[in-house]
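So the chains spell out like this:
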Amino acid sequence: MLDALIQGLLLGGLYALFALGLSLMFGVMRLTNTAQGDFIVLAGFVVIALAPLVARSTIVATLLTLPLAFGAGYALQRWVLNGTLGRDPLPSLVVTFGLSIVIQNALLEIFSADPRSLDSGGFSTRSLGLGGGLAVGALPLAIFALAALITAALQMLFDRTALGRAFRAVSDDREIAELMGLDARKVYALATAVAFVVIALGGALQAMRTTVAPSDGPLLLLFAFEAVIIGGMGSFWGTFTGAMVLGLAQQIGFRLDPGWGIWVGHLVFLAVLVLRPQGLWPRTRG
Amino acid sequence: MSAADALIETRGLTAHYGDAQALFGIDFRLRAGEVVAIIGANGAGKSTFLKALTGLVKCARDAVRFKGHPIGASAPGAIVRQGLAMVPEGRRLFPSLSVEENLLMGAFARRSGPWSLKRLFTLFPILEQKRRSPATALSGGQQQMVAIGRALMGNPDVLLCDELSLGLAPIVIKEIYDAVPALTREGMSLVIVEQDVSVAQRVSQRVVCFQEGRVSLEGASDELTREQISRAYFGV
């Protein structure tokens, strides 16, 4: 069981990377990105496509994808998604759903339906002994550490920087923020740009840890969404711990029965939704 | 006052909320260093007028001029960078920001001038004590000080104040308005929307009365009588 707990936490690290971008976009502009999972898959495929061009270096290909993701996120928000924002949440849901379909079909067309993965140079097969017969994979441990670091960085960005202040101000009251001189459209675009960098990392690491296929997007969205809801809206550490809870639930379910993993995760999600709909650690600052 | 002297000038300003017209051809001028009070009943168009000046409500480009430049169709951010700031009705502080963070948001436009955090804390010492507190945890009067301070951090040439006394006790209202001389001493001009007529006359040099989206009376604060104001206020 201890092994299941450890593996669950490590899996939660990957889910945190899936969920943090969603949490950020919803937190700043109340936008639910239903294409979140598909953008994660797209990022994975971009790294897969770039890797042969940079001497098959996965790390270099991943690093190159990050500024591309930043620019793509900025452009998408600035010139597409900003037009969907308003009191009615439906336009943004419909547009991002449309994007989801476009991305899946484009990837299918370009890469076929076959799952692909990234070569991590043997890193994915290395492990670290914890004693007592327990060992953890080096890659899942690195993903967990990266997820914790990014969560801390995002929280610090929001709490300690002028940009973070701008994010919180436009989220609180866009009209008054604009009265202070902020251009809300640019602030939203920056938020999505940052979210897309995290999405890109999630996609690359998913492709390293397992595989990515064009049809994977909706399932990854579900995991991201469940992690955000379990953890509670408006808190990055809440999202991180929500991801941990989801990862733990799935691993425990898997240990009970190999076919129960994802299903137990859904059950925990539903239980939180019924018993504590605001999430386990709702909106906090710092 | 000639057009050349006016810091703010509106000519035939009209404004709408959807199909409903809220302002019907407002002519208004504000001179440098002047304090003008706008009074009127609820729904008279006072707040709409301030929103039109700050770009929150759109109007014709040439209907509003600030320092001689047309700003009617400008975005709020562009207007605040030119030196026109507003203390909105109901304070509208950012609830997820502390007192200090709310004040710092006012400096986003990066206009240089005499107002800084240090100077604000001299004007409103309680804010220094509460600088790390969530802004919305303060009393109504203290929140109003934060809202004023936030606008001052933009070092505006003109400050628009919308119903500063709303929901505040008389002693707190006095404390807030006692700060006005400190603002005008530096040459700042003020437009104050105020429901309390006696307060409006006390703090301003000129009073403008709005009634159903139109100017119904205008004159020197110390010359207008109660009867004149009452007739213009209620349209009788």
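Further up the page is the structure itself.
The notes below deal with the structure included here. For every chain, the first residue of the written sequence is number 1, and numbering continues from 1 onward in sequence order. Both sets of labels track the order of writing: A upward for chains, 1 upward for ligands. Given that this is a predicted model, residues contribute local features only at a pLDDT of at least 70 and side-chain atom pairs are listed and counted only at 80 or more, while totals for whole chains, interfaces and linings are drawn from all residues.

Re the interface of chain A and chain B
Part 1 of the reasoning: This entry defines residue contacts through backbone-placed C-beta atoms, with two residues in contact when those atoms are within 7 Å. At the interface, 14 residues of chain A touch 19 residues of chain B.
Part 2 of the reasoning: The numbering of helices and of strands both runs from the N terminus, where a helix is a DSSP run of H or I of at least 4 residues and a strand a run of E of at least 2. Where the side of chain A that touches chain B is concerned, the elements lending two or more residues are α6 (162-172) and α7 (174-179) of chain A.
Part 3 of the reasoning: Among the residues making up the side of chain A that touches chain B, the classes are represented as 5 nonpolar, 1 polar and 8 charged. When residue character is reported, Ala, Val, Leu, Ile, Met, Phe, Trp, Tyr, Cys and Pro are called nonpolar, Asp, Glu, Lys and Arg charged, and the others, Gly included, polar.

What about the sheet that holds strand β1 (residues 6-17) of chain B?
Residue and element names in this part refer to chain B.
Part 1 of the reasoning: What the 4 strands build is an open sheet, ordered β2-β1-β4-β5; its pairing is antiparallel. Of all strands in the sheet, those with a lone pairing partner are β2 (20-31) and β5 (69-70), marking the two edges.
Part 2 of the reasoning: Pairing of β1 with β2, which is carried by 8 bridges, proceeds in the antiparallel orientation. The residue of β2 that forms the bridge with Ile 8 is Leu 30.
Part 3 of the reasoning: Strands in contact with helix α1 (residues 46-54) are β1, β2 and β4 (64-66); relative to β2, the strand with the most contacts, it is inclined by about 70°. When DSSP finds at least two bridges between two strands, those strands are taken to pair. For helices, the axis comes from a line fit to the C-alpha atoms of the stretch in contact; other axes are also lines fit to C-alpha atoms, and the angle between any two N-to-C directions lies between 0 and 180 degrees.

Remarks on the packing of helix α1 (residues 2-29) of chain A against helix α10 (residues 236-256) of chain A
All names here are of chain A.
Part 1 of the reasoning: Axis separation between α1 and α10 bottoms out at 6 Å; the angle between their running directions is 135°. For the element pair α1 / α10, the angle class is oblique. Seen from above, α1 lies across α10 with right-handed handedness.
Part 2 of the reasoning: The residue inventory of the contact of α1 with α10, partitioned by class, reads 15 nonpolar, 9 polar and 1 charged. Each angle gets one of four labels, with under 35 degrees taken as roughly parallel, over 145 as roughly antiparallel, 65 to 115 as roughly perpendicular, and the rest as oblique. Should the near helix be turned anticlockwise from the far one by less than a right angle, the crossing is left-handed, and should it be turned clockwise, the crossing is right-handed.

A look at the sheet that holds strand β10 (residues 214-220) of chain B
Residue and element names in this part refer to chain B.
Part 1 of the reasoning: Reading across the sheet, the 6 strands line up as β6-β7-β8-β3-β9-β10 and stay open at both edges, with mixed pairing between neighbours. If you trace the sheet from one side to the other, it starts and ends with β6 (84-87) and β10, each paired once. Along the sheet, successive strands turn relative to each other by an average axial angle of 15°, direction set aside.
Part 2 of the reasoning: Judged from the 4 bridges that link them, β6 and strand β7 (residues 158-162) form a sheet pairing that is parallel. From the neighbouring strand, Met 86 faces β7, where its bridge partner is Leu 160.

A closer look at the pairing of β10(B)
Residue and element names in this part refer to chain B.
Part 1 of the reasoning: Inspection of the sheet shows strand β9 (residues 206-211) paired to β10 by 6 bridges, in the antiparallel sense. Residue pairing in the sheet places Arg 206 in a bridge with Ala 220 of β10.
Part 2 of the reasoning: The antiparallel pairing of β9 with β10 creates a hairpin that spans 2 residues between the two strands, and Glu 212 there sits at a positive phi of about 50°.

Description of unusual backbone geometry
Residues and elements named next belong to chain B.
Part 1 of the reasoning: Backbone geometry places Lys 67, a non-glycine residue, at a positive phi of 55°.
Part 2 of the reasoning: Along the chain, the position of Lys 67 falls in the loop between β4 and β5.
Part 3 of the reasoning: Phi at Glu 163 takes a positive value of approximately 55°, unusual for a residue other than glycine.
Part 4 of the reasoning: Along the chain, Glu 163 turns up in the loop between β7 and α7 (170-177).

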